Amino acid sequence: MSDEERRSVRPRSMTLRFRRGLILVGVLCVLATLTAATLLFQHSYTERVDRYLRALCVTVADGYDLAGSGDPQDLARLADDSGVRCTLIAQDGAVLYDNAHSGALENHADRPEVKAALESGSGSCTRESETMGQETHYYALRLDTPAGVQILRVGEEVDNIWGLSADTLPLLLCAVVLILLAAWLLSSWLTRMMVRPINQLAEHLDTIEADVPYEELIPLARTVQTDRKLREDNETMRREFTANVSHELKTPLTSISGYAELIESGMAKSADVPTFAARIHKEAQRMIALVSDILQLSELDSTQASRGQRIPADMVPVDLAALVKEIAQTMTVNARKAYVTLQYDAHPATVQGCRDQLVELATNLCDNAIRYNRPGGHVELRCGTGTDGCPFLEVEDNGIGIPQDSQSRVFERFYRVDKSRSKATGGTGLGLAIVKHIALLHDAHIDLQSQVGTGTTIKVTFPKK
Ligand code: ADP
């Protein structure tokens, strides 16, 4: 989704999200609690039913035993008072008596509780009832009567888990309705409570990091604060740059205007006119150099802003050795004019980069090494691949050097150690700022070594391919 599309989509409501979340959590909690409670209740309930059936069966069996006849009629009297289903079964499974059924019943020999009682003396079993939501618990005892072996079985029908759940359904519905209501009220209150400090924060962006109300908002506050600081710094830099540019342009323009006025008004002697014209030309040249450097910096600024993480299309493998030779040739004339010898020592090295920008970088460094030198001085251009595999480009001179306290500032725009010397040699104060920018665009690292009176070495190390 594009930024434009994202902006046009209305953000989601926090109240609605809280409400939905609270309702979901509430409903899930009620369901989980009721399920667990029903399961536990059913378990303990059936256990008690089984215990009760066992005790009852033993009591009825004792009564039957006392009668001592083995006659089902004796059991009938006892079973009527028991309140549960009592069945008397012969050893072959034939039903001798059942207080819940007066008619004949099918053979019970295959019933698990009867089989178990015949084998071990007692047996129990639970079976689904024909009625939905119910199950029947049985307990059976083997009796040795004068009429032979008989099985006394008692049974009770109780609610199974589904039967119990049906009972709790109205309770569940009531709980859900209550939760809906509580979530409705709570979400509105919670949203208000949470949003208020955030809104207050938005009113005091200056102190956002100190006032941040929630731990989770610290990264956001930090980003806002950093962004603001960056914007302020950029704004200050922009203002300083505009002021510097205006000042730098105003000086040559004033001179040009002055000399032109002298010639125009006829105040300049005809012998002086060629000198004045030469000065006008020189100042105009300075202005052209300045404007060209400013344009180049602004181009580099916009390249940096638009680049992001992408590798730009103009990044190609550049042969540094060939580039060094080419620059040494072009700069020889300038070096000769300044009575400086220019040499190069080019070893194979390739950089992934923009050739024009790398030419500009090397030219600026070489130009400075010549301009801030002395007659008879020496400049050496070097390139190669370091022991770590990183390609490098180095310019060394034995010129005037840079004082220690200025070394960190020479890469700033318009910073000069000696303004008059810079101007006299055609400097704009932007050469090293351009170098720094180009190095940044190539992920390169600049190292400056300098000593006043001894000379300067500037080494640009590029990343390994
Ligand atoms: P400029 O156009 O004035 O040369 P730069 O940005 O290229 O501007 O350099 C900034 C300042 O750094 C120069 O004014 C000069 O004082 C100092 N400088 C740069 N390179 C050298 C060098 N090789 N030797 C001595 N000083 C240098």
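Right, let's walk through the structure included here.

1. Re the overall build of the protein
Scanning the protein for helices and strands turns up twelve helices and twelve strands. Over its C-alpha trace the protein gives a radius of gyration of 50 Å, far above what one expects of a compact globule, namely 23 Å for 465 residues. For the protein, the spread of C-alpha atoms along the principal axes amounts to about 160 × 55 × 35 Å. Counting the 465 residues in the protein, one finds 35% classified as buried.

2. Some points on the nonpolar core
Ranked by size, the top nonpolar core spans 46 residues in total, and within it Leu365, Leu393 and Phe462 carry the most contacts. Sorting the residues of this core by element identifies helix 7 (218-265), helix 8 (273-307), helix 9 (320-337), helix 10 (355-371), strand 9 (378-385), strand 10 (391-397), helix 12 (431-441) and strand 12 (455-461) as the ones contributing at least two each. Among the elements that line this core, the one with the most residues is helix 9, at eight residues. Domain assignment of the residues forming this core places at least three in each of domain 2 (220-306) and domain 3 (316-461). Every residue in contact with Phe462, bar those within four places of it in the chain, is listed here: Leu320, Val351, Leu358, Cys390, Pro391, Phe392, Leu393, His442 and Ala444. Within the second largest apolar cluster, 20 residues are counted, among which are Val49, Ala61, Val84 and Cys86.

3. Thoughts on helix 4 (residues 112-120)
Restricting attention to buried positions, one finds in helix 4 the residues Glu113, Val114 and Ala117. End-on, the buried residues of helix 4 take up no more than an arc of 100 degrees, which puts them together on one face. With respect to the buried face of helix 4, the exposed residues turned more than 90 degrees away are Glu119 and Ser120. Looking at the buried residues of helix 4, the elements they touch are strand 1 (85-90), strand 3 (122-128), strand 4 (134-145) and strand 5 (148-159). In the stretch just after helix 4, Gly121 is the one whose phi turns positive, near 105 degrees.

4. Considering the sheet that holds strand 12
The strand order across the open sheet built from five strands is 7-9-10-12-11, with neighbouring strands paired in mixed fashion. Each end of this open sheet is capped by a strand with a single partner; those strands are strand 7 (341-346) and strand 11 (445-451). Geometrically, the sheet is characterised by an average inter-axis angle of 10 degrees between neighbouring strands, direction not taken into account. With respect to the sheet, helix 9 is in contact with strand 7, strand 9 and strand 10, its orientation differing from that of strand 7 by roughly 175 degrees.

5. Here's the deal with the site of the ligand
Around the ligand there are 20 residues in total, and Arg371, Tyr372, Ser422, Gly429 and Leu432 lie nearest to it. Between a nitrogen atom of the ligand and a side-chain N or O atom of Asp397, the distance comes to 3.0 Å. Between the ligand and the protein, one listed contact pairs an oxygen atom with a backbone N or O atom of Val417 at 3.1 Å. At the level of secondary structure, the elements contributing two or more residues to the shell around the ligand comprise helix 10 and helix 12. In terms of residue count, the dominant contributor to the shell around the ligand is helix 10 (three residues). Residues of the shell around the ligand, tallied by class, amount to eight nonpolar, eight polar and four charged.

6. Looking at the pattern of salt bridges
Any two side chains of opposite charge can pair, on the condition that their charged atoms come close. Taken as a whole and assessed by the stated rule, the structure comprises 22 salt bridges. Among the charged side chains, a salt-bridge network with shared partners connects Glu380, Arg382, Glu394 and Glu396.

7. Topic: the pairing of strand 2 (residues 95-98)
Sheet topology places strand 1 next to strand 2; three bridges connect them, and they run antiparallel. In the sheet register, Ile89 faces strand 2, and the bridge partner there is Val95. Linking two consecutive strands that pair antiparallel, namely strand 1 and strand 2, is a turn of four residues; a positive phi of about 100 degrees is found at Gly93 within it.

8. Section: a nonpolar patch on the surface
A cluster of nonpolar residues, Val177, Leu181, Trp184 and Leu185, forms a patch on the protein surface that exposes about 450 Å² of accessible area. Among the secondary structure elements, Leu185 is positioned in helix 5 (residues 161-203).

9. Digging into the sheet that holds strand 4
Taken together, five strands build an open sheet; the order of strands is 2-1-5-4-3 and the sheet is antiparallel. Looking at which strands have only one partner, the edges of the open sheet turn out to be strand 2 and strand 3. The average angle at which neighbouring strand axes cross in this sheet is 20 degrees, direction not considered. Bridge analysis of strand 3 against strand 4 gives seven bridges, and the strand direction is antiparallel.

10. Focus: the environment of Gln404
Structurally, Gln404 can be placed in the loop between strand 10 and helix 11 (419-424). You can call Gln404 exposed: its relative accessible area is 63%. Separated by 385 residues in the primary sequence, Gln404 and Arg19 place their C-alpha atoms 65 Å from one another.

11. A closer look at the packing of helix 2 (residues 14-67) against helix 3 (residues 72-82)
Here helix 2 crosses helix 3 at 145 degrees, and the two axes come no closer than 9 Å. Helix 2 and helix 3 meet at a crossing whose hand is right-handed. For the pair helix 2 and helix 3, the contacting residues are Tyr52, Leu56, Val60, Gly63, Tyr64 and Ala67 in the first and Pro72, Asp74, Leu75, Leu78 and Ser82 in the second. Of the residues contributing to the contact of helix 2 with helix 3, the split by class is eight nonpolar, two polar and one charged.

12. Observations regarding the side chain of Thr136
Checked against the element boundaries, Thr136 lands in strand 4. In contact with Thr136, not counting residues within four places along its chain, are Cys125, Thr126, Arg127, Ser129, Glu156 and Glu157.

13. Let's talk about the packing of aromatic side chains
Counted by the stated rule, this structure contains three aromatic pairs. Over the ring of Phe241 we find Arg413, and its NZ or CZ is 5.3 Å from the ring centre. If you follow Lys459 out to its NZ or CZ, it ends over the ring of Phe392, 4.6 Å from the centre.

14. A short note on the environment of Tyr415
With respect to the helices, strands and loops of the structure, Tyr415 is situated in the loop between strand 10 and helix 11. Sequence separation of Tyr415 and Lys465 is 50 residues, and the distance between their C-alpha atoms is 33 Å. Those residues in contact with Tyr415 that lie beyond four places of it in its chain are Ser406, Arg409, Val410 and Gly429. Among the polar contacts made by the side chain of Tyr415, one reaches the side chain of Ser406 at a distance of 2.9 Å.

Basis of the calculations
- Residues numbered from 1 in each chain as written.
- Predicted model: local features only at pLDDT ≥ 70, side-chain atom pairs only at ≥ 80, totals over all residues.
- Heavy atoms only, no water.
- Helix = DSSP H or I, 4+ residues; strand = E, 2+ residues; numbered from the N terminus.
- Rg over C-alpha atoms; globule rule 2.2 N^0.38 Å.
- Buried < 20%, exposed > 50% of the residue type's maximum accessible area, 1.4 Å probe, protein only.
- Core = buried A, V, L, I, M, F, W, Y, C linked by side-chain atoms within 4.5 Å.
- Domains from an automatic or database assignment.
- Contact = heavy atoms within 4.5 Å.
- Arc of directions from axis to C-beta.
- Pairing = 2+ DSSP bridges.
- Axes fitted to C-alpha atoms, helices over the stretch in contact; angles between N-to-C directions.
- Near = heavy atom within 4 Å.
- Polar contact = N/O pair within 3.5 Å; in protein donor to acceptor, adjacent residues only side chain to side chain.
- Nonpolar A, V, L, I, M, F, W, Y, C, P; charged D, E, K, R; others polar.
- Salt bridge = Lys/Arg side-chain N within 4 Å of Asp/Glu carboxyl O.
- Patch = residues over 30% accessible without salt bridge, like charges linked within 9 Å, V, L, I, M, F, W, Y side chains within 5 Å.
- Areas by Shrake-Rupley, 256 points an atom, 1.4 Å probe, with all protein chains shown as cover.
- Left-handed = near helix turned anticlockwise from the far one by under 90°.
- Phe/Tyr/Trp six-rings, centres within 6.5 Å; stacked < 30°, edge-to-face > 60°.
- Lys NZ or Arg CZ within 6 Å of the ring centre and 35° of its normal.

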